[in-house]
Amino acid sequence: MTLLERINGPEDLRGLSQDQLTRLAGEIRDLLIETTVRTSGHLGPNLGVVELTIAIHRVFESPRDKIVFDTGHQAYVHKLLTGRAGQFGTLRQRGGLTGYPCRAESEHDLVENSHASTSLSYADGLAKAYKLRGEPDRTVVAVIGDGALTGGMAWEALNNIAAAKDSRLVMIVNDNGWSYQPTIGGLAEHLSAIRVSQRYEHVLDYIKTTLSRAPLVGGPLYGTLHGIKKGLKDVLQPQVMFEDLGLKYVGPIDGHDERLVETALRRARDFGGPVLVHVITRKGLGYPEAEQNTDDRLHQVPAAGAARGTWSRVFGDEMVAIGARRPDVVAITAAMLHPTGLAQFAAAYPDRAYDVGIAEQHAVTSAAGLAMAGLHPVVAIYSTFLNRAFDQTLMDVALHKLPVTLVLDRAGVTGPDGASHHGMWDGSIMQLVPGMKIAAPRDAKRVAELLNEAVEVSDGPTVVRFPKGKVGGEVEAVAKLGVMDVLREPADGLGPDVLLAGAGPMALTGLEVAGRLAGHGIGVTVVDPRWTKPVDEALVDAARRHRLVVTVEDNGRAGGFGDAVARLLRDHDADVPVKTFGLPQEFLAHGTREEVLDEAGLTPQHLARRITEAVALRSASSSGSDVREAATAAD
């Protein structure tokens, strides 16, 4: 039996010797590599926190002491040490362990949201609550990476934590110089200086040659060298930045020396107030493929980069082409240069590409500034992360009618990343934005086509949204309906029974549905709207010629494309029934895209059955048995 197999909970760690802890760390790394290579998952971040997580669970008494992982993709080791090693082979598989902390899995898991820079705010609230409830012996631990620490929300939390002098809160900064990619910005450069050297001469040289060039942060830091209030020695100490906020600082510490980390955490725990522990780690440690990967240290396996044949790569290639003829087009991303496909654009036009780190809100408002100055910014982020920048999209971009194009990768069902990563909200929240235009390409050719149309819009914002993964086959239109593409018309001998409008790739699903229904005597016109906002009014007359209108979208049903179509028909007094199909308005579990869509009833088979029922119910000549027989036949 391995040491790991004997660990049923954190308490089993406390009797192990240092030699045993070293063996355990090796066993954990072996299992991480073997499992994630097979099931997919976040490998690099977890390889880097093995010793750190062991130390955390030896010092703190989870679940009484609360541990909050920022982003959560580095919590695999935590899962292994809290009784889930036997289930680890099911990682990210339907019905198995999730890729993030999960309250349903364990009492040791607290925060499921995998969006960055939130841990310190959670921890601040928890620590204040325990104080108010008269539980001063409970400690809250927040584990945050240097990448997530660059997020504005993290600094709002630090500002408040510093004022709560008696909160029992330990903040562990896991500093590896990476978020998804190398961490950038003034703070990153400051932490980098600490990592590189603590010798007086080296730090002084670094500040003179590097920090003085950093925007906003660099100048003030360099200026303090000549200030009267602090001596030169004090300025060069790494704790200055944090202690100036009123926070106690411990570090920097080698995050792969379990004994040293444990000693530091005990000191922090026993202090009785907020303490920041600065731990230096190496992302991907112990796996040469990860350590030598210069893109993201194998942040995710398989790599999340824009491989050939993916939606992201098609977008990235077209951005390079657009950049060649449009010098006013610039690109922005939030720590997702490679995954969103913008790495090619950055290589071709380095002065026109901006990676702002984990800062979606800043990315959108910075884009507003660029647009105000006469450029056309293209902001490429994951759909789920646009939720965080809704106010900036609404008030900073749309209110000013600025030409900013938001490209939303991973829109719709994303698969094994789970509830917080499904891009099922943007199609609804962007419908609320005045003047916003939303494009949903069905295939690779339409990605290029609609992206080009989007960057031509000069009087307001645009969105281009597409899913994760490989692009399917291309389908050409058989006719036009306004700006929309008609992909199929009823076959000879069939009447215009159903007008089916499918948003984005769901238009191709609509074609499969139409084929099934045609075999049972139901004529279907399949339309790809191309632009889901505004809905083309040509749809109104087309709807009047059909007995039923059906919309299908890979987005939450509430407030999405289907609701927009129904509202358009009501506004024009088009007395045609509408059936809207989309994702249920709930947090969907992880699984493959196909599994999630099947459970949501968005497969051709499910849709054909329900549409057949709807058509039969609206047929005055159909009896109840006719409906059942038609639905069964559709299966």
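Residues numbered from 1 in each chain as written. Predicted model: local features only at pLDDT ≥ 70, side-chain atom pairs only at ≥ 80, totals over all residues. Heavy atoms only, no water.

(A) Main features of the packing of helix α14 (residues 311–325) against helix α20 (residues 444–456). Put simply, α14 and α20 touch, their axes get as near as 9 Å, and they point 40 degrees apart. Accordingly, the angle class assigned to the pair α14 and α20 is oblique. Along this stretch, α14 crosses α20, giving a crossing that reads as right-handed. Where α14 abuts α20, its residues W311, V314, F315, E318, M319, I322 and R325 lie against A444, V447, A448, L451, N452 and V455. (Axes fitted to C-alpha atoms, helices over the stretch in contact; angles between N-to-C directions. Helix = DSSP H or I, 4+ residues; strand = E, 2+ residues; numbered from the N terminus. Parallel < 35°, antiparallel > 145°, perpendicular 65-115°, else oblique. Left-handed = near helix turned anticlockwise from the far one by under 90°. Contact = heavy atoms within 4.5 Å.)

(B) Examining the pairing of strand β6 (residues 329–333) more closely. Burial runs high along β6: five of the five residues are buried. Both faces of β6 are covered, namely the face carrying V329, A331 and T333 and the face carrying V330 and I332. With five bridges joining them, β6 and strand β8 (residues 376–382) adopt parallel strand pairing. Its bridge partner lying in β8, V329 is registered against H376. In the classification by handedness, the crossover that spans β6, the intervening helix α15 (residues 343–348) and the parallel strand β7 (residues 353–355) is right-handed. (Buried < 20%, exposed > 50% of the residue type's maximum accessible area, 1.4 Å probe, protein only. Pairing = 2+ DSSP bridges. Right-handed = clockwise from strand over helix to strand, strands pointing away.)

(C) A look at the nonpolar core. L24, I28, L32, I172, L265 and V277 are the most contacted members of the largest nonpolar core, which has 44 residues in total. Discounting chain neighbours no more than four positions away, the residues touching L32 are L43, N46, L47, V50, Y76, V77, L80 and F88. Among the nonpolar cores identified, the runner-up in size contains 31 residues, and V526, L588, V596 and L602 belong to it. (Core = buried A, V, L, I, M, F, W, Y, C linked by side-chain atoms within 4.5 Å.)

(D) The packing of aromatic side chains, seen in detail. This structure, assessed with the given rule, holds six aromatic pairs. Here a set of aromatic residues connected by ring pairs shows up, and it is made of W311, F315 and F466. Taking NZ or CZ as reference, R352 lies 4.5 Å from the ring centre of Y349, over its face. (Phe/Tyr/Trp six-rings, centres within 6.5 Å; stacked < 30°, edge-to-face > 60°. Lys NZ or Arg CZ within 6 Å of the ring centre and 35° of its normal.)

(E) Looking closely at helix α25 (residues 604–617). A rise of 1.5 Å per residue sets the reference length of α25, with its 14 residues, at 20 Å; its end C-alpha atoms lie 20 Å apart and thus fit the reference within 8%. Among all positions of α25, only P604, L607, A608, I611, T612, A614, V615 and A616 are buried. (Expected span 1.5 Å × (residues − 1).)

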